[in-house]
Amino acid sequence: PSLRRKMLGNDRAPDIIADLRRLGALEIEAHTQIVLCPGVNDGTNLERSVADLAALYPAVQTISIVPVGASPRLEDWSLGHSHIELVAPDPDYARTIVEQVRDWQREFRKRHGASIVQCSDEYYVTAKLPLPPATHYDGFPQYENGIGMVRTMLNDWARTKRRLAAAKGAPTLRFHNVVLAGGTLIAPLLSEIAREMEELTGATIGVRPIKNTVFGERVNVSGLLCGKDYIDQLGGDSPDCFILPRASLDYFGERFLDSLTCAEVEAALGTPVAFASQWSEVVGILVQGRRPAQRNATSNGALWSEPARGH
C-alpha cells in the first residue's frame, strides 16, 4: 500500500487488495492493471503484486502489465512531485518482462486453466519477440488496454492472406494507391504486412508512422493519436485514400482525442479518409471504397452517453 500511495501521489489511497476482496465477496469480478515503472514497482514489487492479485482469482479475472506512458509534462511532474522517473522500456527490459510473465502464465494455466496475467503488446513488439497464440489471451478481456491487439491483427492477416492467395488473380480495385498511417510502435510491422498485401492485390500501399506531438513522442500507440497529428504529418501525401486506425476514434467512430471529427480531418487532407481495425477491412476498402467508421463492437461502458447525444 505504501508504494501504491507514493506512485498515485495520494497518501489516502486505500489498500486495493482489501477492496478487491470485498468486491469478490459481493460476487463482483475485476480486471486489474499494473502500470509498470522501471526501477519503481518492478522486480520483487512486481512479483508481490502479481502474487497478491492472482491469489484472489477468480474474483480477479485478469492482471495486465502495461508500460508507463507519459507526456514530457507528466514526466517532469512525477520527478518533481514523487521523485519517480518515468522510464520507457528498452528491448532488453521488455524481454525480461515477457519472460517473467511467461513463467507466471505457465503456472497459472496449470493451476487454474487460465493465463490470468498478460503483458501488453508493446513489450513483445519492443523486444521483437513472438506473441502468444490467441488461446493464451482467455477471450481477450483486456483488448482495449492493448493486450492482444497485435495477435488479433496477425491472425486476421493470416486468414486474409490465405483468401487472397486462393483467389484466381488479384481483386478488382477501387483504390490503387493508399497510405496507411499509425503509431510509430506498430509501423514497422504494418510495413512488412503491407509489402505482402501489395504482391497479392496489386495495390500500392504506403505506411506512414505518425509521431505523437500532442502527448509526446514517447506515447507511440495508434489509439492515442489526435486528428491534428494526422493532418500535420500526412498533408504532403496524395494517395487515392488515407486509411487510419479505427482505434484513434471514439466509441461512436466520430471524433479523435482532440475532438476533431472525421469530416474535419478529411477536409483538411483533401483526400478520402477511411478507417480500419484489421487487414481484412483494408482489403474491403481497396475493393469497395471508403466506408464510414462503425461503432466499436463492444460498448466499454459508453452506451450510457447515447441519450445525451440527441440534445
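Refer to the structure above for everything that follows.
First, a word on what this report is: a plain description of the structure on this page. Every value quoted in this text rests on a predicted model; they were computed, and no experiment measured them.

1. A closer look at the pattern of salt bridges
For the structure on display, the rule yields nine salt bridges. A salt bridge links Asp-52 to Arg-48; the nearest nitrogen and oxygen atoms lie 3.3 Å apart. With Asp-52 and Arg-48 both in helix 3 (residues 44-54) and four residues apart, the pair spans about one turn of that helix. What makes Arg-48 exposed here is its relative accessible area of 55%. A salt bridge links Asp-237 to Arg-208; its shortest N-O distance comes to 3.1 Å. With Asp-237 in the loop between helix 9 (227-234) and strand 6 (241-245) and Arg-208 in strand 5 (residues 204-210), this residue pair connects regions lying 29 residues apart in the sequence.

2. Details of the sheet that holds strand 5
Read from one edge to the other, the open sheet built from four strands follows the order 5-4-6-7, with strand pairing classed as parallel. Edge positions in the sheet fall to strand 5 and strand 7 (273-276), since each has one partner strand and no second. The mean angle between the axes of side-by-side strands here comes to 30°, regardless of whether they run parallel or antiparallel. Here strand 4 (residues 177-183) runs beside strand 5; their pairing, made up of seven bridges, is parallel. Within strand 5, the position partnered with Asn-177 by the bridge is Thr-204. Here helix 9 sits on the sheet and contacts strand 4, strand 5 and strand 6; the angle it forms with strand 5, its principal contact strand, is near 120°.

The rules behind these values
- Numbers given to residues run from 1 along each chain, matching the order in which its sequence is written.
- Only residues with pLDDT of at least 70 are given local features in this predicted model, and only at 80 or more are side-chain atom pairs given and counted; all residues enter the totals for whole chains, interfaces and linings.
- Water and hydrogen atoms play no part in the side-chain values, which are based on all heavy atoms of the structure.
- Throughout this description, the term salt bridge denotes a Lys or Arg side-chain nitrogen within 4 Å of a carboxyl oxygen of Asp or Glu.
- Put simply, DSSP H or I for four residues or longer makes a helix, DSSP E for two residues or longer makes a strand, and each gets a number counted from the N terminus.
- The classification of residues rests on relative accessible area computed with a 1.4 Å probe and restricted to protein chains. Under 20% of the type maximum is buried, over 50% is exposed, and intermediate values are partly exposed.
- What makes two strands pair is DSSP finding at least two bridges between them.
- Fitted lines through C-alpha atoms serve as axes, helices being fitted only where they are in contact, and the angles separating the N-to-C directions of these axes extend from 0 to 180 degrees.
- When checking whether two residues touch, look at their non-hydrogen atoms; a contact exists if any pair is within 4.5 Å.

On their own, these measurements won't tell you what the molecule is for.
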